[in-house]
Amino acid sequence: MAGSRSRAAGQGRVGARLADGLRAYRMIAGMWIRSTMAYRASFVMTTFGNFGATALDFVAILLMFSQVDALGGYTLPEIAFLYGVAGIAFGLADLAIGSMDRLGRRVRDGTLDTLLVRPAPVLAQVAADRFALRRLGRITQGLLVFGYAVAALDIAWTPLKVLMVPFMMLSGGAIFAAVFVAGGAFQFVAQDASEVQNSFTYGGQTLLQYPPTVFAADLVRGVTFVVPIAFVNWLPALYVLGRPYPLDLPTWVAFTPPLVAAACCALAGLAWRAGLRSYRSTGS
Amino acid sequence: MGTGRLYAAVAAGGFRRYATYRTATAAGVFTNTVFGLILAYTYIALWDERPHLGGYDQAQALTYVWIGQALLMTLAIGGGGFEDELMERIRTGDIAIDLYRPADLQLWWLAGDLGRALFQLLGRGVIPMVLGAFFFELALPADPLRWAAALVAVFLAMLVSFAIRYLVALTAFWLLDGAGVTNMAWITGMFCSGMVLPLNAFPGALGEVVRALPWASLLQAPADALMGRAGLPATYAFQGAWAVALLAAGRLLQSVATRRVVVQGG
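Computed from a predicted model, the values in this text were never measured in an experiment.

**Q** Explanation requested: the UniProt feature "transmembrane region" (unreviewed entry) in chain B in the structure shown.
**A** All names here are of chain B. With numbering matched to this structure, UniProt assigns "transmembrane region" (unreviewed entry) to residues 24-44, 121-141, 147-176 and 183-206. Secondary structure within residues 121-141 divides into 71% helix and 0% strand; the distance between the first and last C-alpha atoms comes to 18 Å. Measuring from the first to the last C-alpha atom of residues 147-176 gives 42 Å, for a span that is 93% helix and 0% strand.

As structure tokens, then:
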């Protein structure tokens, strides 16, 4: 009785903190949206710039395919499928908490302290910091490439495969978000190492744009079992595309991304709390 | 202080300033290595499919990847040089103070940027290149003269890179907010310098055009100088001509711009 009551109270506390965090996130993000919308022309230009900058990767792939018919045994529409899913998943994470890499700067210049004294979860405040709608440019670009891939491919759609598409994009977004948060936690320790975080986030996205057959087995193992970004698109997308799995993995791994995403988020959350607890102000 | 010594001191300052951030440099080395690895594997897949694409064999294509990682920050191809700071000074009006200094504005920033570039070459270029040579079979020359020739090309590339970014930064006199322009300059630079694919491998007329643009001086020229794929006099002449033309354009734009400066009283 007592146990279940305290557990319920514990759940209530977690729920309340989550609601708190979401409310703070909504308010801060809303503020940043209003402030960007004050300069509409600049907003349109930077959104277009964001779209263009991300589209450059795909232009690079198109250039490659102007010279070859297949890369690692995959055709252009198949690679576009992988590219689109990776782009959308990363874009969702980037939109939601893309400002995490600024944490190191806040630790260095001491402005993190102002967030600590505010009555809202620090993670929500850092995540919503400089919330930028222009990041929709990346998602739009991913959606366009994905649309092209679906139109160009001849996929034998089953209900399961159809369902797989939104699920892999959302769990992929959650996996990337966990990487962002873990990177933020690392910056409590490393301070000016935001580029290490970028190699896992932006680097990870770049890696996933290409099929696993392109990379060495050890690298594929690393992104499957260590930093599990292979679950963002490779493993579920290869099921939709009907392609053989890397590392002789069984087919059922295609259905595990939501679980992997949940586990990643839990671990990232723990890392974040450890990082925050270890934080000592610069005192300057 | 002699003029030469003044600019040498500014360059040394630029070098030391970046040398201070050791963790950031280590993080950068890690990033360049990761991106180099990813790019190297895609190039292997590409060259497996099309051997001798763009006239490179696979070892040369891989060498190109690691030269690109060594020069990305050195030449600030994706941004990250002095330009943000200069734009900020133009926006806030601090530029008026710079104009009163008994030093030439363009040379001052050039000296500082050369110091920065030199540090980035040593701090962020050498280790990824060594690691690249460890993981893959590269086509690096044994002849020290070839390395010296490539370094000259890298120096000329630094001048062209600076000249482009100086022009970009000066647009802040008219636009005030330079975020949009730097963004566009970054995209153009990445694409036209051959960071995504060697310019030799660009197809048809597109290839002809990008190989004639100033950005071809940045990565393609030093890479070809190191791998001995192009005549040195022609390479240097191409880079030198763009450096002179763009630096002169910067000087012209600077004199137009500074006539617009209105110093506001406090």
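**Q** Any chance you could explain helix H9 (residues 179-192) of chain B here in plain terms?
**A** For an α-helix the count is 3.6 residues per turn, leaving residues at separations of three or four pointing the same way. All names here are of chain B. Taking 1.5 Å of rise per residue, the 14 residues of H9 would be expected to cover 20 Å, and the 20 Å separating its terminal C-alpha atoms lies within 8% of that figure. Within H9 the residues assigned to the buried category are Gly180, Ile187, Gly189, Met190, Phe191 and Cys192. Positioned one or two residues after H9, glycine 194 has a phi angle of 90°, which is positive.

**Q** Explain unusual backbone geometry here, please?
**A** Most peptide bonds are trans, and most residues other than glycine sit at a negative phi. Of note, the phi angle at A:Leu247 is positive, near 60°, even though the residue is not glycine. In this fold, A:Leu247 is placed in the loop between helix H11 (234-241) and helix H12 (257-278). A residue is classified by how much of its surface remains accessible, and A:Leu247, at 28% relative accessible area, is partly exposed. Non-glycine residue B:Ala76 carries a positive phi angle of around 45°. Note on placement: B:Ala76 falls in the loop between helix H3 (58-74) and helix H4 (83-92). Residue class for B:Ala76 comes out buried when judged on its relative accessible area of 4%.

**Q** What's the story with the packing of helix H3 (residues 76-97) of chain A against helix H9 (residues 194-208) of chain A in this structure? I'm lost.
**A** Helix-helix packing: each pair is described by the crossing angle between the helix axes and the interaxial distance. All names here are of chain A. Two numbers describe how H3 lies on H9: the axes approach to 8 Å, and their chain directions differ by 160°. Comparing the axis directions of H3 and H9 gives the class roughly antiparallel. Between H3 and H9 the crossing geometry is right-handed. Contacts between H3 and H9 involve Leu82, Ala86, Gly87, Phe90 and Asp94 from the first element and Thr201, Tyr202, Gln205 and Leu208 from the second. Of the residues that constitute the contact of H3 with H9, the class distribution is five nonpolar, three polar and one charged.

**Q** Looking at this structure, I do not really get the environment of B:Asp143. What am I missing?
**A** Residue and element names in this part refer to chain B. Relative to the elements of secondary structure, aspartate 143 occurs in the loop between helix H6 (105-135) and helix H7 (144-170). In this structure aspartate 143 comes out as partly exposed when scored by relative accessible area, which is 38%. Separated by 54 residues in sequence, aspartate 143 and leucine 197 place their C-alpha atoms 27 Å apart.

**Q** Help me understand the UniProt feature "transmembrane region" (unreviewed entry) in chain A, please; the structure alone is not making it clear to me.
**A** Residue and element names in this part refer to chain A. As annotated by UniProt and renumbered to match this structure, "transmembrane region" (unreviewed entry) occupies residues 41-68, 80-98, 139-157, 163-189, 210-232 and 252-272. The straight-line gap between the two end C-alpha atoms of residues 80-98 is 24 Å; of that span, 95% is helix and 0% is strand. Annotation note: span residues 210-232, helix share 43%, strand share 0%, distance between end C-alpha atoms 13 Å.

**Q** Would you mind showing me how to read the packing of aromatic side chains here?
**A** Aromatic ring pairs: the centre-centre distance and the angle between the two ring planes describe each pair. Counted under the stated rule, the structure contains 26 aromatic pairs over all chains. A network of ring pairs unites the aromatic residues A:Phe215, A:Trp234, B:Tyr41, B:Trp66, B:Phe134, B:Phe135 and B:Phe136 as a single cluster. The lysine or arginine in question, A:Arg243, covers the ring of A:Tyr74, its NZ or CZ lying 4.2 Å from the ring centre. Seen from the ring of B:Trp108, B:Arg101 lies directly overhead, with NZ or CZ sitting 5.0 Å from the centre.

**Q** What is the right way to look at the interface of chain B and chain A in this model?
**A** It is common to give the size of an interface as the accessible area that goes away when the parts come together. Taken together, the contacts link 33 residues of chain B with 35 residues of chain A. Across the chain B to chain A interface the summed buried area is about 2800 Å²; carbon plus sulfur atoms make up 75%. Three residues, B:Ile38, B:Tyr41 and B:Thr42, lead the burial of chain B against chain A; their summed loss comes to 19% of the area buried on that side. The tally of links between chain B and chain A comes to one salt bridge. In this structure, the salt-bridge partner of A:Glu195 is B:Arg124, at a minimum N-O distance of 2.7 Å. The interface formed by chain B and chain A holds four residue pairs in polar contact (both at pLDDT 80 or more) in total. Those elements giving two or more residues to the side of chain B that touches chain A turn out to be helix H2 (22-49) and H9 of chain B. Among the elements that take part in the side of chain B that touches chain A, H2(B) stands out by supplying 15 residues, more than any other. When its residues are assigned to classes, the side of chain B that touches chain A shows 23 nonpolar, six polar and four charged.

**Q** Is there a simple way to explain empty space enclosed by the protein in this structure?
**A** One water molecule sets the probe size; rolling that probe over the atoms shows where empty space is left. Residue and element names in this part refer to chain B. Counted by the stated rule, this structure contains one cavity of 30 Å³ or more. Space inside the largest cavity adds up to approximately 30 Å³. For the largest cavity, the full set of lining residues is Asp98, Arg101, Ala103, Leu105 and Trp108. Along the lines of polarity and charge, the residues of the lining of the largest cavity split into three nonpolar, no polar and two charged.

**Q** Help me understand the environment of A:Val240 in this model?
**A** All names here are of chain A. With respect to the element layout, valine 240 can be found in helix H11. Accessibility expressed as a relative area gives 1% for valine 240, which makes it buried. In sequence terms valine 240 and tryptophan 157 are 83 residues apart; their C-alpha atoms lie 7.9 Å from each other. Those residues within four positions of valine 240 in sequence are excluded, and the remaining contacts are Phe81, Ile155, Trp157, Lys161, Met164 and Met168.

**Q** Quick question: what am I supposed to make of the pattern of salt bridges here?
**A** Where side chains of opposite charge bring their charged atoms close, a pairing between them can arise. According to the stated counting rule, one finds 16 salt bridges over all chains in the structure shown. Residues A:Asp129 and A:Arg106 are paired through a salt bridge, measuring 3.3 Å at the closest nitrogen-oxygen approach. In this pair, A:Asp129 is assigned in the loop between helix H6 (122-128) and helix H7 (136-152) and A:Arg106 in helix H4 (residues 103-109), connecting sequence segments 23 residues apart. Each of the two residues, A:Asp129 as well as A:Arg106, counts as buried. Linked by salt bridges that have partners in common, B:Glu83, B:Asp113, B:Arg116 and B:Arg165 make up one network.

**Q** Would you mind going over a nonpolar patch on the surface with me for this structure?
**A** A surface patch of nonpolar side chains, about 430 Å² in accessible area, is lined by B:Leu118, B:Leu122, B:Val126, B:Ile127 and B:Val130. Its location among the elements puts B:Val130 in helix H6.

**Q** Just to check I follow, could you spell out the layout of surface pockets for this structure?
**A** All names here are of chain A. One number sums up the size of the second largest pocket: a volume of about 930 Å³. For the second largest pocket, the lining is made up of 23 residues, of which Leu18, Gly21, Pro121, Leu123 and Ala124 are closest to its centre. If you list the elements that add at least two residues to the lining of the second largest pocket, you get helix H1 (2-37), H3, H6, helix H8 (159-190) and H12. Split into classes, the residues belonging to the lining of the second largest pocket amount to 19 nonpolar, two polar and two charged.

Conventions and cut-offs
- Residues numbered from 1 in each chain as written.
- Chains lettered and ligands numbered in written order.
- Predicted model: local features only at pLDDT ≥ 70, side-chain atom pairs only at ≥ 80, totals over all residues.
- Heavy atoms only, no water.
- UniProt positions renumbered as here; feature names shortened; annotations may be inferred.
- Helix = DSSP H or I, 4+ residues; strand = E, 2+ residues; numbered from the N terminus.
- Expected span 1.5 Å × (residues − 1).
- Buried < 20%, exposed > 50% of the residue type's maximum accessible area, 1.4 Å probe, protein only.
- Axes fitted to C-alpha atoms, helices over the stretch in contact; angles between N-to-C directions.
- Parallel < 35°, antiparallel > 145°, perpendicular 65-115°, else oblique.
- Left-handed = near helix turned anticlockwise from the far one by under 90°.
- Contact = heavy atoms within 4.5 Å.
- Nonpolar A, V, L, I, M, F, W, Y, C, P; charged D, E, K, R; others polar.
- Phe/Tyr/Trp six-rings, centres within 6.5 Å; stacked < 30°, edge-to-face > 60°.
- Lys NZ or Arg CZ within 6 Å of the ring centre and 35° of its normal.
- Buried area = accessible area lost by both parts, 1.4 Å probe.
- Salt bridge = Lys/Arg side-chain N within 4 Å of Asp/Glu carboxyl O.
- Polar contact = N/O pair within 3.5 Å; in protein donor to acceptor, adjacent residues only side chain to side chain.
- 1 Å grid on protein atoms, 1.4 Å probe; cavity = no way out; pocket = protein on both sides within 12 Å on 5 of 7 lines; lining within 4 Å.
- Points joined across faces, edges and corners; volume = space filled by probe spheres on them.
- Patch = residues over 30% accessible without salt bridge, like charges linked within 9 Å, V, L, I, M, F, W, Y side chains within 5 Å.
- Areas by Shrake-Rupley, 256 points an atom, 1.4 Å probe, with all protein chains shown as cover.

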